[in-house]
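Spelled out, the chains give:
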Amino acid sequence: MTTVLTPASAWRIAAEVVDPEIPVLTIEDLGVLRDVRMQDESVVVTLTPTYSGCPAMDQMGDDVILALTAEGFADVRVDFSLTPTWTTEWMSESGRQKLEQYGIAPPGPKPASGPIPVQLGVKCPRCGSLRTRSVSQFGSTSCKAHYECLACLEPFDHFKFH
Amino acid sequence: MSAETEPSVTVTDVELDAELTSTGLVASADEAEYALRIGDDSLILAQQLGWWISRAPELEEDLALGNIALDLLGHARNLLHFAGTALGKTEDELAYFRDEHEFRSAWLFEQPNGDFGHTIARGLLTSAFQFELYTQLAESSSPGLAGIAAKSVKEVAYHRDHAVQWTLRLAGGTDESRSRIERALINTWPYLDELFRDDELHERFDAAPRPSALREPVMNVLRQVLAEAELDEPKTSESSGDGRHGHHSTYLGPILAEMQVLARRHPDASW
Ligand SMILES: [Zn+2]
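Please read all numbers here as calculations on a predicted model, not as lab measurements.

### Regarding the overall build of chain B
For chain B, the helix and strand inventory stands at ten helices and one strand. In chain B, the order of α-helices and β-strands from amino to carboxyl end is β-α-α-α-α-α-α-α-α-α-α. Since a compact globule built from 271 residues should have a radius of gyration of about 18 Å, the 20 Å found for chain B is in line with a globular shape. Its C-alpha atoms give chain B principal-axis dimensions of roughly 65 × 45 × 45 Å. Residues counted as buried form 55% of the 271 residues belonging to chain B. The contacts of chain B with a sequence gap of at least 6 include a subset with a gap of at least 24, amounting to 79%. When the accessible surface of chain B is totalled, it reaches about 12100 Å², and 51% of it is carbon and sulfur.

Structure, rendered in structure tokens:
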């Protein structure tokens, strides 16, 4: 079967590229895939970074190029755009569900601002209890905080609000 | 979203600013000078925080300080890349091949790590400053600076949380932890003043908040934290630091030497 080389097919191919650090999420689930357009004979894909220093961004860009060239798009360029600023509110509903099944508590709403931090209830992805506590706002990757559940006593990651 | 039918497929609820993609946006000379100042702040602090990885008091802090360093490095890369569009240089050329007098970071950011309390006190001051700075800069008339600031402020909010929580914990912990955070605040407090000094750049460049306009909001936040921690505001004299014009303390040289040695020894090396 040959892929028809249209922007829509390019979007579908790019949309299947996954986050190398959380492989259950595609870049479309994450809201990182912002735009796919044809410019003359080239495909230009625009991604927006999750965290400013996220080392996975370069790989996501490379994976988009590999996926599209494998399907017959000869000339692929990836641009990174900082605006509008990425937010976890762009994460798709199916992305949130996949994240929770994977054992990572999905991002919540914007936390209250103010210099003295307030703890928010985060649901344990393992047992569903809200009796959890933040161990550290910084976890194994930029986007995750480290929590523990006071009900089932298991540690878990929380994809924090951005 | 109509990805199936439209000739050009764009996420529908937000419009992309084509100018702000990785190609195409070129900084003016003043935007570049300003971006170097605040970019160098983050670069120097990121370099210093990296030292803590494997040395922090607990594993969670190895991760926290390492992640904060990574965020700051990302901010520095964005800002140096933007500055480089005016200067005809890449972010790596700016980071690795400028000499000490060409760096524009303020003295607070080059203050040594010291003990953990010292790193926390420095982080409290830097993050309180950067949070207010980026909050205001996100409204800038410069799309390049505003875009970077809007992104950075979300991450700096977590850095500030981290520093505030540890300041409260150390102040409310043992006599030893309280005396250390007290001493660290006294040692770092003199370097605040430099962050709030206007100079000739701000006379002609109005796309960035005036440093003097940041003093009140930053000091308000710091005083709120000190009150919560039941600590007195340090009464110290002001440092005469002038990093914005390339006059640095003796601390910057060794930081740069370590950061730059590999790139200078092996130009164009890659892995
Ligand atoms: Zn649980």
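Now, onward.
### Some thoughts on helix α6 (residues 143-171) of chain B
For the α-helix, the turn length of 3.6 residues means that residues three or four positions removed from each other point alike. Residues and elements named next belong to chain B. A rise of 1.5 Å per residue sets the reference length of α6, with its 29 residues, at 42 Å; its end C-alpha atoms lie 41 Å apart and thus fit the reference within 8%. Along its length, α6 reaches its greatest deviation from straightness, about 30 degrees, at V153. When you tally the buried positions in α6, you get 22 out of 29 residues, the bulk of the element.

### Some thoughts on the environment of E31(B)
Tracing the chain through its elements places E31(B) in helix α1 (residues 29-49). Leaving out residues up to four positions away in the same chain, E31(B) has contacts with V26(B), F82(B), S142(B), L145(B) and F205(B).

### Concerning the coordination of the zinc ion
All names here are of chain A. Ligation of the zinc ion by protein atoms is provided by C124 (SG), C127 (SG), C149 (SG) and C152 (SG), these donors lying 2.3 to 2.4 Å from the ion. Given four donor atoms and angles of 105 to 114 degrees at the metal, the environment of the zinc ion is assigned as tetrahedral. Donor residues binding the zinc ion come from one chain and are separated in sequence as C-x2-C-x21-C-x2-C. Of the two residues, C127 is situated in the loop between β4 (104-105) and β5 (132-136) and C149 in strand β6 (residues 144-149); the sequence distance between them amounts to 22 residues.

### Digging into the domain arrangement of chain A
Residues and elements named next belong to chain A. Annotation of chain A at the domain level lists domain 1 (7-86) and domain 2 (102-159). Relative placement of domain 1 and domain 2: their C-alpha centres are 28 Å apart. In this assembly, nine residues from domain 1 lie in contact with seven residues from domain 2. Here domain 1 meets domain 2 over a buried area of about 650 Å², counting both sides, of which 80% is carbon and sulfur.

### Description of the packing of aromatic side chains
Residues and elements named next belong to chain B. Under the counting rule described, the total for this entry stands at eight aromatic pairs over all chains. Relative to F116, the ring of W52 lies with its centre 5.9 Å away and its plane at 85 degrees, an arrangement referred to as edge-to-face. In this pair, W52 sits in the loop between α1 and α2 (59-87) while F116 sits in helix α5 (residues 116-137), placing the two residues 64 residues apart along the sequence. You can call W52 buried: its relative accessible area is 5%. Residue class for F116 comes out buried when judged on its relative accessible area of 11%. One aromatic cluster in this structure is built from W51, W52, F116 and W166.

### Considerations on the environment of H118(B)
Residues and elements named next belong to chain B. With respect to the helices and strands, the residue H118 is situated in helix α5. Once the C-alpha coordinates of H118 and E216 are considered, the two residues, 98 residues apart in sequence, prove to be 24 Å apart. With residues near it in sequence (within four places) discarded, H118 still touches P112, N113, A184, N187 and T188. In terms of polar contacts, H118 uses its side chain to reach the backbone carbonyl oxygen of P112, at 3.1 Å.

What counts and how
Residues numbered from 1 in each chain as written. Chains lettered and ligands numbered in written order. Predicted model: local features only at pLDDT ≥ 70, side-chain atom pairs only at ≥ 80, totals over all residues. Heavy atoms only, no water. Helix = DSSP H or I, 4+ residues; strand = E, 2+ residues; numbered from the N terminus. Rg over C-alpha atoms; globule rule 2.2 N^0.38 Å. Buried < 20%, exposed > 50% of the residue type's maximum accessible area, 1.4 Å probe, protein only. Contact = heavy atoms within 4.5 Å. Areas by Shrake-Rupley, 256 points an atom, 1.4 Å probe, with all protein chains shown as cover. Expected span 1.5 Å × (residues − 1). Bend = angle between axes of the 7 residues up to and from the residue. Donors = N, O, S within 2.8 Å, 3.2 Å for Na, K, Ca; no water. Tetrahedral: all angles 85-135°; square planar, octahedral: opposite > 155°, others 65-115°. Domains from an automatic or database assignment. Buried area = accessible area lost by both parts, 1.4 Å probe. Phe/Tyr/Trp six-rings, centres within 6.5 Å; stacked < 30°, edge-to-face > 60°. Polar contact = N/O pair within 3.5 Å; in protein donor to acceptor, adjacent residues only side chain to side chain.

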